Amino acid sequence: LIFAVTNAKSQSQEIKSIDSLLNLCVENNFINGDILIKVNEKPYYTKTIGYRDNSKQEALKPNSSFNIGSVSKPVTSTAIMQLQEKNLLNINDKVRKYLPLFPYENICIKHLLSHTSGLIENLDFDESDKLKLLTNDNLVNLLIKYKPKLQFEPGSKWSYSNLGYDILATIVEQLSKMKFDEYMDKNLFQPSGMSRTFIPITHNLKQWLPKNLTEKDIALPHSFENIVSCFVTNIDSSSGDHKDFFYFCGSTNVYTTVYDLAKFDIALSK
């Protein structure tokens, strides 16, 4: 009984400390979002702060869906490891085994997974390509066209590459004969109970919303001044750059909630 009372007091003090820190962040516009802390697979602390649409001061609802940006990469790597478990690939294989026109002979799948491929972070495009909508369907041809020089011999160094993870998503599509969003929904999101998670394949979010979600369930990044019919012109909430001529999946563009991420964490541990 004494232990239980002492533990309850300690937990109460911890929660007060977390609240105090988050309130300070809110006052200084440092944070906006849904917070979940778990202990032993059970919710220990939850809080929703800030706005769904910062420009309109529209309050954020609990369990809202966010574009999680580069946190999408563990989702992509999980798909690759699933395919290895099914003996459809081996991460030690060369990428060319699955994408025969891939213009780099010595890059293996494991190099893409570990950011040791030598590929640059992102592709640059000329004006002719900026008139098109570039997707994962164009990716190999774009690499053939531009063939950016590798920064180092594959496997010899480390350098962060979004491009590498977009290629991984393309491999998933090639082997599964499914679009990346369909594969992930069938093989990860649904089995894990991640009912509020989805991957849009174009900038128009409204077209890809699951039936149980509406536009009001989506949190908008602060960099957006306004949005019309959920048409996103910039999915990068940190740079503020206008990039509406390409839309790649694999490195980013998973939309999910903090509670679905908790389900993902549980699924990975099984």
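Everything that follows concerns the structure shown earlier in this document.
Residues numbered from 1 in each chain as written. Predicted model: local features only at pLDDT ≥ 70, side-chain atom pairs only at ≥ 80, totals over all residues. Heavy atoms only, no water.

> For this particular structure, what's the right way to read the overall build of the chain?
Along the backbone of the chain there are eight helices and six strands. In the chain, the succession of α and β elements from N to C terminus is α-β-β-β-β-β-α-α-α-α-α-α-β-α. Across the 270 residues of the chain, 44% fall into the buried class. A sequence separation of at least 24 residues applies to 65% of the contacts in the chain between residues at least 6 apart. Taken as a whole, the chain presents about 14,600 Å² of accessible surface, with 53% of it coming from carbon and sulfur. (Helix = DSSP H or I, 4+ residues; strand = E, 2+ residues; numbered from the N terminus. Buried < 20%, exposed > 50% of the residue type's maximum accessible area, 1.4 Å probe, protein only. Contact = heavy atoms within 4.5 Å. Areas by Shrake-Rupley, 256 points an atom, 1.4 Å probe, with all protein chains shown as cover.)

> What exactly am I supposed to notice about the environment of Ile-31 here?
Relative to the helices and strands, Ile-31 resides in the loop between helix H1 (2-27) and strand S1 (33-39). Spatially, the C-alpha atoms of Ile-31 and Gly-50 are 7.4 Å apart, while their sequence positions differ by 19 residues. Sequence-distant contacts of Ile-31, defined by excluding residues within four places in its chain, comprise Leu-22, Cys-25, Val-26 and Ile-49.

> Sorry if this is basic, but what is going on with the nonpolar core here?
A general tendency of soluble globular proteins is for nonpolar side chains to be buried together. Core analysis: the biggest nonpolar cluster contains 45 residues, and Ile-80, Val-95, Ile-109, Ile-167, Ile-171 and Met-184 have the highest contact counts within it. Mapped by element, the contributors of at least two residues to this core are helix H2 (73-85), helix H3 (109-113), helix H4 (139-146), helix H5 (162-176) and helix H6 (180-189). Of all the elements, H5 adds the most residues to this core, at seven residues. For Ile-109, the residues in contact, after removing those within four places along its chain, are Ile-80, Leu-89, Asn-90, Ile-91, Asp-93, Val-95, Tyr-98, Leu-168 and Ile-171. Membership of the second largest hydrophobic core comes to six residues, among which are Phe-198, Leu-205, Leu-213 and Tyr-255. (Core = buried A, V, L, I, M, F, W, Y, C linked by side-chain atoms within 4.5 Å.)

> Which parts of the structure should I look at to understand the side chain of Ser-192?
Tracing the sequence through the fold places Ser-192 in the loop between H6 and helix H7 (205-208). Looking at Ser-192, its side chain comes within polar contact range of the main-chain oxygen of Leu-188, at 2.8 Å. Apart from the residues within four sequence positions on either side, Ser-192 is in contact with Lys-263 and Ala-267. (Polar contact = N/O pair within 3.5 Å; in protein donor to acceptor, adjacent residues only side chain to side chain.)

> Got a minute to help me understand the pattern of salt bridges in this structure?
Oppositely charged side chains can pair when the atoms bearing their charge come close. Across all of its chains, the model carries 16 salt bridges by this definition. With a closest N to O distance of 3.2 Å, Lys-47 and Asp-19 form a salt bridge. One end of the pair, Lys-47, is in strand S2 (residues 42-49); the other, Asp-19, is in helix H1, and 28 residues separate them in sequence. Since its relative accessible area comes to 23%, Lys-47 is described here as partly exposed. Owing to a relative accessible area of 22%, Asp-19 belongs among the partly exposed residues under this scheme. Its salt-bridge partner being Lys-216, residue Glu-58 comes within 3.4 Å of it at the nearest N-O pair. With Glu-58 in strand S4 (residues 58-59) and Lys-216 in the loop between H7 and strand S6 (255-256), this residue pair connects regions lying 158 residues apart in the sequence. We classify Lys-216 as partly exposed; its relative accessible area is 47%. Residues joined by salt bridges that share partners form a network here, namely Asp-126, Asp-129, Lys-132 and Lys-145. (Salt bridge = Lys/Arg side-chain N within 4 Å of Asp/Glu carboxyl O.)

> Would you explain the packing of H2 against H6 in this entry?
The axes of two packed helices give the description: the angle between them and the distance between them. Closest axis-to-axis distance for the H2/H6 pair is 11 Å, and the angle between their directions is 75 degrees. When the axis of H2 is compared with that of H6, the two are roughly perpendicular. Between H2 and H6, the residues in contact are Val-75, Thr-76, Thr-78, Ala-79, Gln-82 and Leu-83 and Phe-180, Tyr-183, Met-184, Asn-187, Leu-188 and Phe-189, respectively. Among the residues making up the contact of H2 with H6, the classes are represented as eight nonpolar, four polar and no charged. (Axes fitted to C-alpha atoms, helices over the stretch in contact; angles between N-to-C directions. Parallel < 35°, antiparallel > 145°, perpendicular 65-115°, else oblique. Nonpolar A, V, L, I, M, F, W, Y, C, P; charged D, E, K, R; others polar.)

> I tried to follow the packing of aromatic side chains on my own but got confused; where do I start?
The geometry of two aromatic rings is summed up by the distance between their centres and the angle between their planes. One pass over the full model with this rule turns up nine aromatic pairs. Geometrically, the ring pair formed by Phe-125 and Phe-245 is edge-to-face, given 5.4 Å between the ring centres and 85 degrees between the ring planes. Highlighted residues: Phe-125 in the loop between H3 and H4 and Phe-245 in the loop between H7 and S6, separated in sequence by 120 residues. For the pair Phe-125 and Phe-245, a shared accessibility class is recorded, and that class is buried. With a centroid separation of 5.0 Å and 75 degrees between ring planes, the pair formed by Phe-245 and Phe-246 is classed as edge-to-face. For Phe-245, a relative accessible area of 13% puts it in the buried group. Ring-pair connections join several aromatic residues into one group, and the members of that group are Phe-125, Tyr-146, Phe-245, Phe-246 and Phe-248. Over the aromatic face of Tyr-165 sits the side chain of Lys-73, whose NZ or CZ is 6.0 Å from the ring centroid. (Phe/Tyr/Trp six-rings, centres within 6.5 Å; stacked < 30°, edge-to-face > 60°. Lys NZ or Arg CZ within 6 Å of the ring centre and 35° of its normal.)

> Explain the environment of Leu-150 to me, please; I cannot follow it from the model alone.
If you trace the backbone, Leu-150 turns up in the loop between H4 and H5. Given the relative accessible area of 23%, Leu-150 is considered partly exposed. Along the chain, Leu-150 and Ser-117 lie 33 residues apart, while their C-alpha atoms are 7.9 Å from each other.

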